[in-house]
Amino acid sequence: QRMLAEKAMPVYCSPMLRALQTAQLALPVEEGWGQIVLLKNAREIFNTIVERDCVGVAKGREIVERAMKECHLPGLDERVSWDDSDCEGQWWSEDVETEEDVSARIALLMQQLLDDDPHDSCICVTHSNLIRVLMMRYGAVDGTSGQDDPAGPIDQTWEEVDCTSGPLRRTKLDKVQNCGVLGVRFRYEEQGWVAREASLMYGSKLEGDQELED
């Protein structure tokens, strides 16, 4: 309800082609959704050298030009807010990212979404591997988040510990399906931002659920 009540707020988005296409098509400006803001920290995790789709091709306004050539996206060139985006230069990593790299990048993304944004809620179009690691890192466990230092490495010992929310725990272990929507309620506590609730929205599922159905 909060999300729908503030439709005019920015739509934060990964600069990767598939995310930008999703943002423009699923959250159209004609239905009241706001400008698109491209954030380099929302890009997918570059896990292995063979994952070339996690490496960028275009920079700055060329990102939008490429997206519009690949798919019919009228109005996208006027919708992206370049004053607020941070993808003018190279926004991707040429090297496979370490856990420390990813943890530091997610901490910066959280700052952009939860500290810098003035709204009560926000939307971020991002990627399944990044979402899973973010939930591992910030999802509440036994009344706390996983780390005291938001820029510190991921602590592998707390990934599967039970927490109060079943969906919250599952998002640490399984990826959200393509084009899935995950709602997360964060609360600022003594140790920083903590994800206290998670909900799969609009019929979205985790990949494990899809495999069971197949």
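Residues numbered from 1 in each chain as written. Predicted model: local features only at pLDDT ≥ 70, side-chain atom pairs only at ≥ 80, totals over all residues. Heavy atoms only, no water.

J.: Would you mind showing me how to read the overall build of the protein here?
T.: When its secondary structure is counted, the protein shows 8 helices and 5 strands. Sequence-ordered secondary structure for the protein, helices as α and strands as β, is α-β-α-β-α-α-α-β-α-α-β-β-α. Counting every position in the protein, which comprises 214 residues, the buried fraction comes to 47%. Look at the contacts in the protein between residues 6 or more apart in sequence, and 72% of them connect residues 24 or more apart. Accessible area of the protein: about 11,300 Å², with a carbon and sulfur share of 47%. (Helix = DSSP H or I, 4+ residues; strand = E, 2+ residues; numbered from the N terminus. Buried < 20%, exposed > 50% of the residue type's maximum accessible area, 1.4 Å probe, protein only. Contact = heavy atoms within 4.5 Å. Areas by Shrake-Rupley, 256 points an atom, 1.4 Å probe, with all protein chains shown as cover.)

J.: When you look at the side chain of Arg-105 in this model, what are you seeing that I'm missing?
T.: Checked against the element boundaries, Arg-105 lands in helix H5 (residues 99-116). Among the polar contacts listed, one links the side chain of Arg-105 to the backbone oxygen of Asn-41, at a separation of 3.0 Å. (Polar contact = N/O pair within 3.5 Å; in protein donor to acceptor, adjacent residues only side chain to side chain.)

J.: Honestly, the environment of Ser-121 in this entry has me stumped. Any pointers?
T.: Tracing the backbone through its elements, the reader meets Ser-121 in the loop between H5 and strand S3 (123-125). Ser-121 sits 112 residues away from Met-9 along the chain, and the two C-alpha atoms are 8.7 Å apart.

J.: I'm lost on the packing of helix H6 (residues 128-138) against helix H7 (residues 166-173) in this one. Help?
T.: Two quantities define a packed helix pair, namely the angle between the helix axes and the distance between the axes. Orientation of H6 relative to H7, taken along the N-to-C sense of each, is 125°, at an axis distance of 7 Å. In terms of their interaxial angle, H6 and H7 are classed as oblique. When you trace H6 past H7, the crossing you get is left-handed. Two secondary-structure elements touch here, H6 through Arg-132, Met-135 and Met-136 and H7 through Leu-168, Thr-171, Lys-172 and Leu-173. For the contact of H6 with H7, a count of residues per class yields 4 nonpolar, 1 polar and 2 charged. (Axes fitted to C-alpha atoms, helices over the stretch in contact; angles between N-to-C directions. Parallel < 35°, antiparallel > 145°, perpendicular 65-115°, else oblique. Left-handed = near helix turned anticlockwise from the far one by under 90°. Nonpolar A, V, L, I, M, F, W, Y, C, P; charged D, E, K, R; others polar.)

J.: Is there a simple way to think about the pairing of strand S5 (residues 192-201) in this case?
T.: The two faces of a sheet get side chains in turn, since along a regular strand they alternate between them. Two strands pair when backbone bridges link them, and strand S4 (residues 181-189) and S5 are joined in this way by 9 bridges, in the antiparallel orientation. Paired with Tyr-188 across the strands is Trp-193, a residue of S5. Here S4 hands over to S5 after 2 residues, the two strands then running antiparallel side by side. (Pairing = 2+ DSSP bridges.)

J.: For this particular structure, what's the right way to read the pattern of salt bridges?
T.: Where charged atoms of side chains with opposite charge meet at close range, the side chains can pair. Tallying each qualifying case throughout the model produces 6 salt bridges. Glu-97 serves as the salt-bridge partner of Arg-43, at 3.5 Å between the closest nitrogen and oxygen. Note that Arg-43 is positioned in the loop between strand S2 (36-38) and helix H3 (61-70) and Glu-97 in the loop between helix H4 (76-79) and H5, a separation of 54 residues in sequence. Overall, Arg-43 belongs to the buried group, its relative accessible area being 9%. Here Arg-185 makes a salt bridge to Glu-197, at a shortest N to O gap of 3.3 Å. One end of the pair, Arg-185, is in strand S4; the other, Glu-197, is in strand S5, with 12 residues separating them in the sequence. A relative accessible area of 47% places Arg-185 in the partly exposed class. Overlapping salt bridges bring together Arg-43, Glu-97 and Arg-105 as one network. (Salt bridge = Lys/Arg side-chain N within 4 Å of Asp/Glu carboxyl O.)

J.: Even after reading the chapter, I still don't get the environment of Val-133, so can you show me in this structure?
T.: The topology assignment puts Val-133 in helix H6. For the pair Val-133 and Val-102, spaced 31 residues apart in the sequence, the C-alpha separation amounts to 8.4 Å.

J.: How should I be thinking about the packing of aromatic side chains in this particular structure?
T.: Two descriptors summarise a pair of aromatic rings, namely the distance from one centre to the other and the angle between the planes of the rings. According to the stated counting rule, one finds 2 aromatic pairs in the structure shown. Considering the side-chain rings of Trp-91 and Trp-92, the 5.1 Å spacing of their centres and the 80° angle between planes classify their relative orientation as edge-to-face. For Trp-91, a relative accessible area of 5% translates into the label buried. Ring geometry for Tyr-188 against Trp-193: centres 5.1 Å apart, planes inclined by 75°, an arrangement best described as edge-to-face. The ring of Tyr-138 has Arg-137 sitting right over it, with the charged end atom 4.7 Å from the ring centre. (Phe/Tyr/Trp six-rings, centres within 6.5 Å; stacked < 30°, edge-to-face > 60°. Lys NZ or Arg CZ within 6 Å of the ring centre and 35° of its normal.)

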